[in-house]
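Structural description and commentary
Okay, here's what each chain looks like letter by letter:
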Number of protein chains: 2
Amino acid sequence: MTKPKGKKEKPDKYIRILEAAIKVFAEQGFFNSTVAQIAKEAGVADGTIYLYFKSKDDILAQFFSYKTKLIFDRFIEEVNKAENAGDKLRNLIRRHFEEFQNDPDTAVVFQTERHQFHTSDIKMKDMIKMYLNIIADIIEQGQEEGSVRKDLYVGLVKRYIMGAVDEVINTWVNSGRQYDLVSMADPLVDLYLKGIGAND
Amino acid sequence: MTKPKGKKEKPDKYIRILEAAIKVFAEQGFFNSTVAQIAKEAGVADGTIYLYFKSKDDILAQFFSYKTKLIFDRFIEEVNKAENAGDKLRNLIRRHFEEFQNDPDTAVVFQTERHQFHTSDIKMKDMIKMYLNIIADIIEQGQEEGSVRKDLYVGLVKRYIMGAVDEVINTWVNSGRQYDLVSMADPLVDLYLKGIGAND
DNA sequence: ATTTATAATGAATATATATTCATTTCAACC
DNA sequence: GGTTGAAATGAATATATATTCATTATAAAT
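Quick caveat, the model's predicted, so the values are computed rather than measured.

Let's talk about the protein's contact with DNA strand C
Taken together, 15 residues lie around DNA strand C, and A:K13, A:T48, A:Y52, B:V35 and B:Y50 are the ones closest in. Protein-proximal atoms of DNA strand C, defined as those within 4 Å of the protein, fall in sugar or phosphate at a share of 72%. Separating a phosphate oxygen of DNA strand C from a backbone N or O atom of A:A45 is a distance of 2.9 Å. B:Y50 is positioned such that a nitrogen or oxygen atom in its side chain is 2.8 Å from a phosphate oxygen of DNA strand C. Those elements giving two or more residues to the surface near DNA strand C turn out to be α3 (46–52) of chain A together with α3 (46–52) of chain B. When residues in the surface near DNA strand C are grouped by element, the largest group, 4 residues, is from α3(A).

Shown next, in the form of structure tokens:
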């Protein structure tokens, strides 16, 4: 029998546990979630978790690296579709909003837990650095093109951009995700480029 | 004897425990900290904590409301020292950076834990709303004065400002607080006002 | 059918720690 | 110096839950 009836789900059990964990974490936060809850949500025994993950902490660590890889590839792909710096920035942020809007559990866990684990072995700093680097490259390209001011402290600018993106997502998450996040992208990019000051 | 020798520290035991808790939370995070550690740091017995606080959660809740009141009063005071919107925004952010730089433990706890307790009874949303309102008032004043663009979505602008402030502080906290945070205020306000786009 | 290897189970374990409360200390007053 | 009430103590309790591991199921191989 080369075609099994329905009992061949080996490779995706890892994924199934991860997805279940994300759901539980999103609902209750990492520290308030129990391994037993994750197991139940995934439809496996408690002990099974430990065949795929070293510890509860490891589940969160795996989640971050797994999702980050997936998402960042799409960010870069989307950035590369554009030619000039302004469009690249717009594409990055729009795609960021799209990804999070389409995967709200991931969004919640990212926004809620990302500030906790800077000391642990979760490679949070590396992730953030990657994101900041994408932005820095765009800024520098813009400066070469002449579309971006040259008298900028890029180390500050990239955080200014990332911070605003982050807060807009936070607001959306904490509102119960009731409105369209993606529609915030264009007005936000407009603020980055033009600022709030009246053009005299 | 109306002048006790040195054993009259009643009103500040509450404060002492709070400060100790903040220190412990800053070092290890709320969930990884134990009540016993806080008691030790404060130089009191474990049980004494419960004469002043309902629970471990309550310590964090008290901290937020206690510190928030203190700090926000100073924010408003500082904003009121300025006349026009630009200076008000500058004063707000500079004072924000000053407060956090002078009280690093508070800064760490704020930045680390503020994204966790949106569902709990900690009045996080109210605190954030207060801050956003200060900003919104400044923006609107700027629009009346003519120094700020009128075609702005204020609901977005205030988050854009707060988010960037937040991220700049995060970076400082996660760097081990090695550089002068306050010096970031002016360049940041410059970005808000002028944006990154080349003025054509 | 029997063996073998792998995967999964879930009850039992081990530990950690928030909270309680019976007891003690303290300071003021008579 | 004895009495009183409040404040503080810290050992004991109660609970929760991450992790382990002896046992069982599963599937393939012979």
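Anyway, onward from the coordinates.
Let's talk about the side chain of B:E78
Residues and elements named next belong to chain B. Here E78 lies in helix α4 (residues 56–80). According to the relative accessible area criterion, E78 is buried, its value standing at 14%. For E78, the residues in contact, after removing those within four places along its chain, are N91 and R95.

A short note on the domain arrangement of chain A
Residues and elements named next belong to chain A. Under the domain assignment used here, chain A contains domain 1 (10–53) and domain 2 (57–194). For domain 1 and domain 2, the distance between their C-alpha centroids amounts to 27 Å. Residue-level contacts link 15 residues of domain 1 with 15 residues of domain 2. Surface buried jointly by domain 1 and domain 2 totals about 1,300 Å² across both partners, of which 77% is contributed by carbon and sulfur atoms. Contact with domain 2 buries surface across domain 1, with I22, F30 and F53 losing the most and accounting together for 39% of the total. Where domain 1 meets domain 2, there are 0 salt bridges. Linking domain 1 with domain 2 are 2 residue pairs in polar contact (both at pLDDT 80 or more). Tallying contributions element by element places helix α1 (residues 13–28) first for the side of domain 1 that touches domain 2, with 9 residues. Residue composition of the side of domain 1 that touches domain 2, grouped by class: 12 nonpolar, 1 polar and 2 charged.

Focus on the interface of chain A and chain B
With 42 residues of chain A in contact, the opposing surface of chain B contributes 42 residues. Contact with chain B buries area across many residues of chain A, yet A:R149, A:Y160 and A:I196 alone supply 20% of it, more than any other trio. At the junction of chain A with chain B, the criterion picks out 4 salt bridges. Residue B:E167 is joined to A:R114 by a salt bridge in which the shortest nitrogen-to-oxygen separation is 2.9 Å. Between the two partners, chain A and chain B, sit 29 residue pairs in polar contact (both at pLDDT 80 or more). Breaking the side of chain A that touches chain B down by element, the ones donating at least two residues are α6 (104–113), α7 (124–145), α8 (154–174) and α9 (185–194) of chain A. A total of 13 residues in the side of chain A that touches chain B trace back to one element, the largest contributor, which is α8(A). Here the side of chain A that touches chain B is built from residues that sort into 20 nonpolar, 14 polar and 8 charged.

Procedures and definitions
Residues numbered from 1 in each chain as written. Chains lettered and ligands numbered in written order. Predicted model: local features only at pLDDT ≥ 70, side-chain atom pairs only at ≥ 80, totals over all residues. Heavy atoms only, no water. Near = heavy atom within 4 Å. Polar contact = N/O pair within 3.5 Å; in protein donor to acceptor, adjacent residues only side chain to side chain. Helix = DSSP H or I, 4+ residues; strand = E, 2+ residues; numbered from the N terminus. Buried < 20%, exposed > 50% of the residue type's maximum accessible area, 1.4 Å probe, protein only. Contact = heavy atoms within 4.5 Å. Domains from an automatic or database assignment. Buried area = accessible area lost by both parts, 1.4 Å probe. Salt bridge = Lys/Arg side-chain N within 4 Å of Asp/Glu carboxyl O. Nonpolar A, V, L, I, M, F, W, Y, C, P; charged D, E, K, R; others polar.

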